[in-house]
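# A closer look at the structure
Letter by letter, the chains look like this.
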Amino acid sequence: MQQKVAELEAKALAAVAAAADEAQLTELKVAYLGKKGEITQLSRMMGQLDAAERPAFGALVNQVKSSVEAAVAARMESLQAAARNARLQAETIDVTLPGARFTRGNRHILSLVQQQMEEIFIGLGYQVVQGPQVEYDYYNFEALNLPKDHPARDMQDSFYFSPNMLLRTHTSPVQARTMEKMQGRLPVMIISPGVVYRRDDDATHSPMFHQLEGLVIDKHVTFADLRGTLLAFARQMFGPEREVRLRPSYFPFTEPSAEVDISCFNCGGAGCRLCKGSGWIEILGSGQVHPRVLEMSGYDPEQCSGFAFGMGIERVAMLKYGITDLRLMFDNDVRFLNSF
Ligand code: PHE
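All of these numbers come straight from a predicted model, not from anything done at the bench.

## Observations concerning the nonpolar core
Formed by 40 residues in total, the largest nonpolar core has its most connected members in Met117, Phe309, Met311 and Met329. Only helix 5 (109–123), strand 6 (208–218), helix 8 (223–238), strand 8 (254–263), strand 9 (280–289), strand 10 (305–312), helix 10 (313–321) and helix 11 (334–337) provide two or more residues apiece to this core. Sorting elements by how many residues they give to this core places helix 8 first, with seven residues. Formed by 19 residues, the second largest nonpolar core is a distinct cluster that contains Tyr32, Met45, Leu49 and Val68.

## With respect to the site of the ligand
The environment of the ligand is made up of 15 residues, and the closest members are His170, Ser172, Arg198, Gln211 and Gly310. For the ligand, a nitrogen atom lies 2.9 Å from a polar atom in the side chain of Ser172. The separation between an oxygen atom of the ligand and a polar side-chain atom of Arg198 is 2.7 Å. Considering the ligand on its own, with 320 Å² of exposed area, one finds that the protein chains cover 92% of that surface. Sorting the residues of the shell around the ligand by element identifies strand 6, strand 9 and strand 10 as the ones contributing at least two each. Among the elements that take part in the shell around the ligand, strand 10 stands out by supplying three residues, more than any other. By residue class, the composition of the shell around the ligand is four nonpolar, nine polar and two charged.

## Section: the domain arrangement of the chain
Along its sequence, the chain is carved into domain 1 (2–90) and domain 2 (109–337). Using C-alpha coordinates to define each centre, domain 1 is positioned 91 Å away from domain 2.

## Focus on helix 8
An α-helix turns once per 3.6 residues; consequently, residues spaced three or four apart project the same way. In this model helix 8 runs 22 Å from its N-terminal to its C-terminal C-alpha over 16 residues, within 8% of the 22 Å that 1.5 Å per residue would give. Looking at helix 8, one finds that the buried residues are Leu226, Thr229, Leu230, Leu231, Phe233, Ala234, Met237 and Phe238. Those residues of helix 8 hidden inside the fold are in contact with helix 5, strand 7 (244–251), strand 8, strand 9, strand 10 and helix 10. The opening residue of helix 8, the one whose side-chain oxygen lies 3.2 Å from the backbone nitrogen of Ala224, is Thr222. Note on helix 8: the residue one or two positions beyond its end, Gly239, has a positive phi of about 115°.

## Describing the side chain of Ser192
Inspection of the secondary structure assignment puts Ser192 in strand 5 (residues 188–197). Given a relative accessible area of 0%, Ser192 falls into the buried group. In this structure the side chain of Ser192 is engaged in a polar contact, spanning 2.8 Å, whose partner is the backbone oxygen of Val129. Setting aside anything within four residues of it in sequence, one finds Ser192 in contact with Val129, Gln130, Gly131, Thr171, Val174, Gln211, Leu212 and Glu213.

## Thoughts on the side chain of Gln288
Take Gln288: it is sitting in strand 9. Owing to a relative accessible area of 14%, Gln288 belongs among the buried residues under this scheme. At 3.4 Å, the side chain of Gln288 and the backbone nitrogen of Phe223 are in polar contact. Not counting residues within four places of it along the chain, the set of residues in contact with Gln288 comprises Val221, Thr222, Phe223, Phe253, Thr254, Glu255, Pro256, Ser305, Gly306 and Phe307.

## Remarks on the pattern of salt bridges
A complete count under the given rule lists eleven salt bridges for this structure. The partner of Glu135 in a salt bridge is Arg177, with the nearest N and O atoms 2.8 Å apart. Here Glu135, found in strand 2 (residues 134–136), pairs with Arg177, found in helix 7 (residues 173–182); they are 42 residues apart in sequence, far enough to count as distant. The class for Glu135 is buried, based on a relative accessible area of 0%. Here Arg247 makes a salt bridge to Asp261, at a shortest N to O gap of 2.7 Å. Remark: Asp261 occurs in strand 8 and Arg247 occurs in strand 7; sequence separation between them is 14 residues. Judged by its relative accessible area of 29%, Arg247 falls in the partly exposed class. The class of Asp261 is buried, set by a relative accessible area of 2%. One salt-bridge network, held together by shared partners, links Asp137, Glu142, Lys148 and Arg153.

## Thoughts on the environment of Ala232
Among the secondary structure elements, Ala232 is positioned in helix 8. On the basis of relative accessibility, which here comes to 26%, the residue Ala232 falls in the partly exposed class. Sequence spacing of Ala232 and Arg242 is ten residues, and the spatial spacing of their C-alpha atoms is 9.2 Å.

## Some remarks on the packing of aromatic side chains
Within the structure shown, the criterion is met by nine aromatic pairs. The interplanar angle of 25° and the centroid separation of 6.4 Å between the aromatic rings of Phe307 and Phe309 together place this pair among those described as stacked. A ring pair is formed by Phe336 and Phe340, whose centres lie 5.1 Å apart and whose planes are at 75°; its orientation type is edge-to-face. One residue, Arg177, lies across the ring of Tyr139, its end atom 4.3 Å from the ring centre.

Each value, and the rule that gives it
Residue numbering note: each chain is counted from 1, following its sequence as written. With pLDDT at 70 or above as the cut-off, local features in this predicted model cover only qualifying residues; side-chain atom pairs require 80 or more to be listed or tallied, and sums for whole chains, interfaces and linings still use all residues. Only hydrogens and water are set aside when side-chain values are computed; all heavy atoms of the structure are taken into account. We define the nonpolar core as a collection of buried residues of types Ala, Val, Leu, Ile, Met, Phe, Trp, Tyr and Cys that are connected through side-chain atoms lying within 4.5 Å of one another. Buried residues are those whose accessible area, probed at 1.4 Å on protein chains only, stays under 20% of the maximum for their type, while exposed residues exceed 50% and partly exposed ones sit between those limits. Helix numbering and strand numbering both begin at the N terminus, where a helix is a DSSP run of H or I of at least 4 residues and a strand a DSSP run of E of at least 2. Residues are classed as near a molecule or strand on a simple rule: at least one heavy atom within 4 Å of it. For the purposes of these results, a polar contact is taken to be a pair of N or O atoms within 3.5 Å, where, inside protein, one atom must be able to donate a hydrogen and its partner to accept one; residues adjacent in sequence count only when each atom of the pair is a side-chain atom. Exposure was quantified through the Shrake-Rupley algorithm and a 1.4 Å probe, taking into account, for residues, occlusion by the shown protein chains and nothing else. In the scheme used here, Gly and all other residues not listed as nonpolar or charged are polar, with Ala, Val, Leu, Ile, Met, Phe, Trp, Tyr, Cys and Pro taken as nonpolar and Asp, Glu, Lys and Arg as charged. Throughout the structure description, domain borders are defined by an automatic or database domain assignment. Expected helix span is taken as 1.5 Å per residue step, with the number of steps being one fewer than the number of residues. By the convention used here, residues are in contact when the closest approach between their heavy atoms is within 4.5 Å. The term salt bridge refers to a side-chain nitrogen of Lys or Arg lying within 4 Å of a carboxyl oxygen of Asp or Glu. Each aromatic pair joins two rings of Phe, Tyr and Trp (for Trp, the six-membered one) with centres within 6.5 Å, and gets the label stacked for planes under 30 degrees apart, edge-to-face for over 60, and tilted for any other angle. Charges are assigned to positions over rings by a cutoff of 6 Å between ring centre and Lys NZ or Arg CZ, combined with an angular limit of 35 degrees from the ring normal.

In structure tokens:
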């Protein structure tokens with residue numbers, strides 16, 4: 001009997017040592033040590049033995065079991081190590097290949113252009129101030145010399161919350177708010193960029209767009225100062241060769257008022273498609289601050305004077321980057337947005 005057990009052990013150990021891979025080894029483990037495995041079955045033979053012989057036989061079977069289990073575990077480990085080594089040798093990693101790229105976002109064209117504009121005016125000594133988008137009728141119109149039934153209100157039809165509150169139609173209400181806050185102190189020298197709203201919607205008008213307002217008030221501020229300021233802006237924004245041209249215009253809050261054109265940077269003034277053959281491109285509205293507007297916000301028109309201007313940021317962006325449809329700037333197509 002013992003002879004038989006010893007032979008079975010030797011056979012099992014030899015088979016385990018010869019197992020070629022993990023699958024084969026697992027099969028062997030089942031065949032010898034599984035529920036119906038050959039070594040497990042040895043315990044059944046207990047019945048054929050005398051009671052006196054049983055303990056020694058049981059101990060022998062347990063010892064064989066442990067030795068085969070240990071051999072299986074050892075063989076498993078060495079097979080796994082060999083497999084791992086083989087894989088490491090087969091796989092080569094080219095560390096010189098480029099890594100996976102992170103796509104990084106970039107600033108929106110409008111915030112980029114707004115920043116360029118702000119930087120030019122900051123360089124000229126202006127401060128940047130903000131105003132609310134939901135505005136009182138008073139600041140949007142009345143304090144700008146547009147009383148309730150003024151016909152010029154029609155130029156800027158808007159979205160009303162109540163008879164006294166609306167989405168601002170321009171950044172000009174920040175003029176009145178700033179003067180009120182400054183309580184007559186001089187000088188006032190601010191720009192105010194921000195969102196405005198109008199009932200307009202086509203390739204060059206959006207119901208939501210951006211303007212940048214400018215306001216200067218001090219002693220002896222003249223129309224020549226306005227012209228010089230806008231010329232400095234035009235040259236920094238659109239190139240050192242630019243000229244500006246002022247055309248008479250009308251705004252209730254400025255007197256006199258002027259529409260400002262810059263010489264076409266595409267053709268240099270000769271006339272092309274961009275400037276519609278005229279050599280000039282309109283970029284903003286402006287004028288001397290109306291005495292009534294100064295008065296309403298606590299400034300004495302006998303003591304000081306000023307100028308104001310307002311321009312569309314989308315318009316500046318479209319001109320500078322040759323964008324033909326304003327709506328592209330609000331469509332969130334990354335192919336467009338990533339190109340700036
Ligand atoms: N607020 C005017 C507009 O939106 C522009 C403007 C601003 C004109 C300041 C004159 C002075 O059309």
